[in-house]
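# Fold and geometry: a report
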Amino acid sequence: LVMIQQIVALSRREGDVAIALAPPKESRFVAHRLTDYGLGLYAAPSYLENRPPILRRGDLATHAFVGYVDDLVFTRGLDYLDEVVPGLKARLQSSSLVTQRAVTEEGHGLCVLPHFMARGRPGLVPVLAGEVELTRSYWLFTHGDVAESARVRAFVRFARAEIAAASAWFSTGADQPSTGAQSEQ
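Described in the following lines is the structure provided in the data block. Please read these numbers as outputs of a predicted model, since none were measured by experiment.

This next bit is on a negative patch on the surface. Judged by side-chain charge, Asp 70, Asp 71, Asp 79 and Asp 82 come together as a negatively charged surface patch. For Asp 79, the position within the fold is in the loop between strand 3 (65–67) and helix 2 (81–84).

See the structure below:
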């Protein structure tokens, strides 16, 4: 498995199977939606304690955001700050979502994260949960020429079974208590 932030060219046989945020546009590929996953807005408790309260989306304009490097967003599905507040730009930018999470946990700003990356992390609390909720999908696809090969079918069955078994992991962040309004603290 190659875990890189770029598109693998299955047409050039750089791999047999790819998992991506969008299905391929070419009809020569066989694609399956693996799962939807939820994203929400998160911050470190230390960040929220020392900043103006966040009671609604309009309050977000005065806050620092952590996000992707604008020029390095390799798929439209990752360009989601505009969905939070139109025109919103990240002050602190990284091409790595793991780095974005770490910077957020250190109290440097707010960040949109997949719920599965924030779940169970004491250094992160949801902000405006229920109001700032995004959904994206993971897609598995393969070149049509190899889609029916035994190795590809076995991998696809395995991947789909594992994702189905972990479906709750990809759901919304509703299982985490929200600190969306700082007045609760």
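Positive phi is not limited to glycine here, since Leu 128 has a value of about 55 degrees. Tracing the chain through its elements places Leu 128 in the loop between strand 6 (125–127) and strand 7 (133–143).

Residues Leu 41, Leu 48, Leu 60, Tyr 80, Leu 110, Val 112 and Val 127 are the most contacted members of the largest nonpolar core, which totals 43 residues. The biggest single contributor to this core is strand 2 (residues 29–43), with six residues. Not counting chain neighbours up to four residues away, the residues in contact with Leu 110 comprise Leu 41, Tyr 42, Ala 43, Tyr 47, Leu 48, Ile 54, Leu 60, His 63, Ala 64, Phe 65, Val 66 and Val 127.

Under the definition given, this model contains five salt bridges. When the shortest N-O distance is used, the salt bridge between Glu 105 and Arg 121 registers 2.7 Å. Linking Glu 105 in helix 3 (residues 97–105) with Arg 121 in the loop between helix 4 (115–118) and strand 6, this pair joins segments that are 16 residues apart in sequence. Judged by its relative accessible area of 21%, Glu 105 is partly exposed.

A large share of strand 5 (residues 110–114) lies buried, amounting to five of its five residues. Burial of strand 5 is two-sided: the residues Leu 110, Val 112 and Pro 114 facing one way and the residues Cys 111 and Leu 113 facing the other way are all buried. Two strands pair when backbone bridges link them, and strand 2 and strand 5 are joined in this way by four bridges, in the antiparallel orientation. What sits directly across from Leu 39, in strand 5, is Pro 114. The pairing of strand 3 with strand 5 spans two bridges and is parallel. Its bridge partner being in strand 5, Val 66 is matched across the sheet by Cys 111.

Let us now look at helix 3. Side chains that are three or four residues apart share a direction in an α-helix, a result of its 3.6 residues per turn. Considered for burial, the residues of helix 3 that qualify are Leu 97, Gln 100, Arg 101 and Thr 104. Within helix 3, the buried residues cover an arc of 100 degrees as seen down the axis, which keeps them to one side. N-cap assignment for helix 3: the residue whose side-chain oxygen lies 3.3 Å from the backbone N of Val 98 is Ser 96. In the segment just after helix 3, Gly 107 is the residue with positive phi, at about 90 degrees.

Conventions adopted
Residues numbered from 1 in each chain as written. Predicted model: local features only at pLDDT ≥ 70, side-chain atom pairs only at ≥ 80, totals over all residues. Heavy atoms only, no water. Patch = residues over 30% accessible without salt bridge, like charges linked within 9 Å, V, L, I, M, F, W, Y side chains within 5 Å. Areas by Shrake-Rupley, 256 points an atom, 1.4 Å probe, with all protein chains shown as cover. Salt bridge = Lys/Arg side-chain N within 4 Å of Asp/Glu carboxyl O. Lys, Arg positive; Asp, Glu negative; His and termini not counted. Charge placed at Lys NZ, Arg CZ, Asp CG, Glu CD. Helix = DSSP H or I, 4+ residues; strand = E, 2+ residues; numbered from the N terminus. Core = buried A, V, L, I, M, F, W, Y, C linked by side-chain atoms within 4.5 Å. Buried < 20%, exposed > 50% of the residue type's maximum accessible area, 1.4 Å probe, protein only. Contact = heavy atoms within 4.5 Å. Pairing = 2+ DSSP bridges. Arc of directions from axis to C-beta. Polar contact = N/O pair within 3.5 Å; in protein donor to acceptor, adjacent residues only side chain to side chain.

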